[in-house]
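Chains, contacts and geometry: an overview
If you want the building blocks of each chain, they are given just below.
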Amino acid sequence: MLSGPAVAIERAAAAFEARQVRATRLTVAAAFHSAQVAGAEPAFRAALTKAEVRPGALVYANTTAAPYPADADEARGLLAGQLARPVEWVAEIENLFCTGVHTFLEVGPGGRLAGLVGAILSGRDHEALALDASNGQRPGLYDLACCLGCLAALGHRVDLKTWDG
């Protein structure tokens, strides 16, 4: 994945097209994971000092493709630093898969990342689901119900007690 100024991304897209390499632009709010947003890191780091960080969850950092450190201050520092650093997406998905994670759920808009997981793990036993699988074409509750149904069918615990509450 590439991130940076729009003009550089356009230049890269043109170079890929000239070489008949498929490139897909992701709709994003800013050039995250590039120097373009590095100025926001100090404020983000300061805001994170107020956030509770608890070790124990299986959460991987996208710039190291490894679990977050157990030390809360180290984890906050790593999280803040990720704002302007490149993502190790392929390595992160591979590492998660190797630790036994075989179900991936994308909760952002659309399903591009679920598609990328599918490409990375092609031919291996896995599921990559997108909460917004219809990309806004169907009601959100319908997409959520479909996603929860898929997760339940895969054997994941789905608690629907508060669905209609």
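The structure reproduced in this document is the subject of the present report. (Residues numbered from 1 in each chain as written. Predicted model: local features only at pLDDT ≥ 70, side-chain atom pairs only at ≥ 80, totals over all residues. Heavy atoms only, no water.)

**Section: the side chain of His126**
Using the following cut-off: Each helix is a run of DSSP H or I of at least 4 residues and each strand a run of E of at least 2, with the numbering of both proceeding from the N terminus. By the criterion applied in these results, polar contacts are pairs of N or O atoms within 3.5 Å in which, for protein atoms, one can donate a hydrogen and the other can accept it, and in which residues neighboring in sequence qualify only through two side-chain atoms. Residues are treated as being in contact if the distance between any of their heavy atoms lies within 4.5 Å.
Mapped onto the fold, His126 is located in the loop between helix H5 (112–120) and strand S4 (127–130). Within polar-contact distance, the side chain of His126 engages the backbone oxygen of Arg124 at 2.8 Å. The residues touching His126, leaving out its near neighbours within four places in the chain, are Phe97, His102, Val117, Gly118 and Leu121.

**Digging into the pattern of salt bridges**
How we decide: Just to be clear on terms, a salt bridge is a Lys or Arg side-chain nitrogen sitting within 4 Å of an Asp or Glu carboxyl oxygen. Only protein chains enter the accessibility calculation, which uses a 1.4 Å probe; a residue is then buried when its area is under 20% of its type maximum, exposed when over 50%, and partly exposed in between.
A complete count under the given rule lists 8 salt bridges for this structure. Between Glu41 and Arg85 there is a salt bridge, and its shortest N-O distance comes to 3.6 Å. Of this pair, Glu41 sits in helix H2 (residues 41–48) while Arg85 is found in the loop between helix H3 (72–81) and helix H4 (89–98), placing the two residues 44 residues apart along the sequence. A residue is classified by how much of its surface remains accessible, and Arg85, at 40% relative accessible area, is partly exposed. The residue Arg54 makes a salt bridge to Glu52 at a minimum N-O spacing of 3.4 Å. Taken together, the shared-partner salt bridges connect Glu41, Arg45 and Arg85 into one network.

**What about the pairing of S4?**
As a general feature of sheets, a regular strand has side chains that alternate between the two faces. Applied cut-off: In this description, strands pair whenever DSSP reports at least two bridges between them. Handedness is read with the strands pointing away from the viewer; a crossover is right-handed when the path from the first strand over the helix to the second is clockwise.
By the bridge criterion, 4 bridges tie strand S3 (residues 103–106) to S4 in an arrangement that is parallel. In the strand pairing of S4, Thr103 is matched with Glu127. Considered for its hand, the β-α-β crossover made up of S3, H5 and S4 is right-handed.

**Some points on unusual backbone geometry**
Even without being a glycine, Gln20 presents a positive backbone phi close to 60°. Within the secondary structure, Gln20 is located in the loop between helix H1 (6–18) and H2. A positive phi is found at Ala65, a non-glycine position, where the angle reads about 60°. Mapped onto the fold, Ala65 is located in the loop between strand S1 (60–61) and strand S2 (66–67). Judged by its relative accessible area of 3%, Ala65 is buried.

**Notes on the state of the cysteines**
Operational definition: The disulfide criterion used throughout: a pair of cysteine sulfur atoms within 2.5 Å.
Within this structure, the stated rule accounts for 0 disulfides. Take Cys146: it sits in no disulfide, and the sulfur closest to it among the cysteines is that of Cys150, at 6.8 Å. Considering cysteine sulfurs only, Cys150 is the nearest to Cys147, which forms no disulfide, with 6.6 Å between them. Among the residues examined, Cys147 registers a relative accessible area of 5% and is labelled buried.

**Side note on the nonpolar core**
Across soluble globular proteins, nonpolar side chains show a tendency to be buried alongside one another. For clarity, the threshold we go by: Buried Ala, Val, Leu, Ile, Met, Phe, Trp, Tyr and Cys residues form a nonpolar core when they are joined through side-chain atoms within 4.5 Å.
The biggest cluster of nonpolar side chains holds 10 residues, and these are Tyr60, Trp89, Ile93, Leu96, Phe97, Val101, Phe104, Val117, Ile120 and Leu121. Only H4 and H5 provide two or more residues apiece to this core. Of all the elements, H4 adds the most residues to this core, at 4 residues. When residues no more than four places from it in sequence are discounted, the contact partners of Phe97 are His102, Phe104, Leu121, Arg124, Asp125 and His126.

**Some points on the side chain of Thr63**
Its location among the elements puts Thr63 in the loop between S1 and S2. Ignoring any residue separated from it by four or fewer positions in sequence, one finds Thr63 in contact with Leu78, Gln82, Arg85, Pro86 and Glu88.

**Quick word on H3**
Residues of H3 that are buried: Ala75, Arg76, Ala80 and Gly81. On its buried face, H3 is in contact with H2. Of the residues that open H3, the one with a side-chain oxygen 3.2 Å from the backbone nitrogen of Asp73 is Asp71.

These figures capture arrangement, not role.
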